[in-house]
Amino acid sequence: MENIVIQGGTPLKGSVEISGAKNAALPLLAAAILADEPVILHRIPHLNDISTMTNLLAWQGAEVTYDDQNCLHIDTRPANKPEAPYDMVKTMRASSLVLGPLLVRFGEAKVSLPGGCAIGARPIDMHLKGLEIMGAEIEVEHGMVIAKAPKGLHGGRIVFDMVTVTGTENLMMAATLAKGETVLENAAREPEVVNLADALRSMGAQIEGDGTACITIQGVDRLAGGDIYTISDRIEAATYLAAGLMTGGDVTVTNTDPHLLEAFLARVKEAGATVETGDDYIRCIANGRLQAVNIHTMPHPGFPTDIQAQFMAMMCVAEGTSLISETIFENRFMHVQELVRMGADIQLDGHTAAVKGVARLSGAPVMATDLRASASLVMAGVAAEGETVISRVYHIDRGYERIEEKMRSLGANIERHYVQK
Ligand code: EPZ
């Protein structure tokens, strides 16, 4: 097992380079299944979730190799196992993203239902309903989704009951090789959806409307390979910017795009920080103590649920009381009790947390529970007075590349310790 040990209290200063986005890279990897030529993926982050997906593709029979420029080469032509077994999916829900591509390419797919998740039930019923509208026969038994489309998939009009990011991505990928036109209504507008659409178009897909709530796809006969580029990880960028602000620091994130974080940056300015941006960087400077600001998570372009825990950590030391409402997931406040252990004053009422700012947090032993909650504990540890020991840090490694190294480059006193089980 591994712990992260932090001696807090140093204001973070300096700049840190942002990696490619986990939530963009995962659907791009699944899209490789659709290509009848090799694809070369650029700026793929080195994360446990990425390894889970590349291991799955290799298990299916694809050739997966990194070159000396750190680009990932994937050739799925040899793949002949349209399956995603339980022992692979259980560690990463996003493996369900291979369902649409496998089904439309092979005419069949067997993908384990993703298990539960700390932050909520996270079913994939909308993914399955959409595939049925496109002609798939779907059965669920023994925890496996068994999908068949012996005559291939055909277009259809799919209206999502609620916005689903990977649901939009799964069905958009399936539609690229379906017969005829598919319209996705109430589609997700996240930048990662647009990144995927850009990649699919570069492979020959015909897609319009990505980035809006209505995406139209005309099916084509084949998709080529080629170079595919991953956008910057906006959630990672927001994490380091918020960490800098809650320590009273001055942090710049580079190799990123300020347009990816408009809702977050608007709230940061409202909290009294100075925000400077350029084509590929964002700088946030604390001007004394931050003011409390209310947030309400929403699908893009609203405030991202994936930044909720990090923003809450920042509000724990702000002036005043911040009301934080989580509308996307039913259980995404697992970080609250851990932050309270560190001296935060947070009252929970259903999907809303009332965060009353305190002058300082105090270091304590805490436990990571899910990816973004873990990041909020690292931030709190860096800002707190004294020592913080975070256990179960494997949650962090799913979504943050070299977090200790990047935090240390900003002046944090942070180490990873290996402890006996
Ligand atoms: C994606 O998850 C992200 N993961 C999540 O990031 C992110 O929090 C989430 O979108 C919301 O932005 C990836 O992109 C790999 P949803 P996803 O389908 O697609 C319900 C992180 O921290 N729903 O948009 O699984 C669902 O339960 C992760 O990097 C259904 O009911 O989320 C949730 O309440 C965490 N039925 C809501 O919709 C369905 O068929 C939104 O979920 C699908 C979803």
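Residues numbered from 1 in each chain as written. Predicted model: local features only at pLDDT ≥ 70, side-chain atom pairs only at ≥ 80, totals over all residues. Heavy atoms only, no water.

(A) Representation of the overall build of the protein chain in the model. Across its full length, the protein chain carries 14 helices and 24 strands. On C-alpha atoms alone, the protein chain measures out to a radius of gyration of 21 Å, which is about the 22 Å that the 2.2 N^0.38 rule sets for 421 residues. Across its three principal directions, the C-alpha atoms of the protein chain cover 65 × 45 × 40 Å. If you take every contact in the protein chain between residues at least 6 apart in sequence, the share linking residues at least 24 apart comes to 72%. When the accessible surface of the protein chain is split by element, carbon and sulfur atoms take 49% of a total near 16,200 Å². A gap of 3 Å separates the mean positions of the 35 positive and 52 negative side-chain charges of the protein chain. (Helix = DSSP H or I, 4+ residues; strand = E, 2+ residues; numbered from the N terminus. Rg over C-alpha atoms; globule rule 2.2 N^0.38 Å. Contact = heavy atoms within 4.5 Å. Areas by Shrake-Rupley, 256 points an atom, 1.4 Å probe, with all protein chains shown as cover. Lys, Arg positive; Asp, Glu negative; His and termini not counted. Charge placed at Lys NZ, Arg CZ, Asp CG, Glu CD.)

(B) Broad picture of a nonpolar patch on the surface. Taken together, the side chains of Met1, Tyr394 and Val419 make up a nonpolar region of the molecular surface, amounting to roughly 260 Å² of accessible area. Positionally, Tyr394 belongs in helix H13 (residues 394-397). Given a relative accessible area of 41%, Tyr394 falls into the partly exposed group. (Patch = residues over 30% accessible without salt bridge, like charges linked within 9 Å, V, L, I, M, F, W, Y side chains within 5 Å. Salt bridge = Lys/Arg side-chain N within 4 Å of Asp/Glu carboxyl O. Buried < 20%, exposed > 50% of the residue type's maximum accessible area, 1.4 Å probe, protein only.)

(C) A look at the environment of Ala178. The topology assignment puts Ala178 in the loop between helix H6 (165-176) and strand S11 (181-185). In contact with Ala178, other than residues within four places in its own chain, are Val104, Met134, Leu153, His154, Gly155, Gly219 and Val220.

(D) Representation of the packing of aromatic side chains. Across all of its chains, the model carries 2 aromatic pairs by this definition. Ring centres 5.3 Å apart and planes at 80° place the aromatic pair Phe303 and Phe311 in the edge-to-face group. Each of the two residues, Phe303 as well as Phe311, counts as buried. Ring-pair connections join several aromatic residues into one group, and the members of that group are Phe264, Phe303 and Phe311. Positioned above the aromatic ring of Trp59 is the side chain of Lys81, whose terminal nitrogen or guanidinium carbon lies 4.1 Å from the ring centre. (Phe/Tyr/Trp six-rings, centres within 6.5 Å; stacked < 30°, edge-to-face > 60°. Lys NZ or Arg CZ within 6 Å of the ring centre and 35° of its normal.)

(E) Local environment of the sheet that holds strand S21 (residues 352-356). Taken together, the 4 strands give an open sheet; going across it, the order is S18-S19-S21-S20, and neighbouring strands pair in mixed fashion. Either end of the sheet is taken by a strand with one partner, and the two such strands are strand S18 (295-296) and strand S20 (345-349). (Pairing = 2+ DSSP bridges.)

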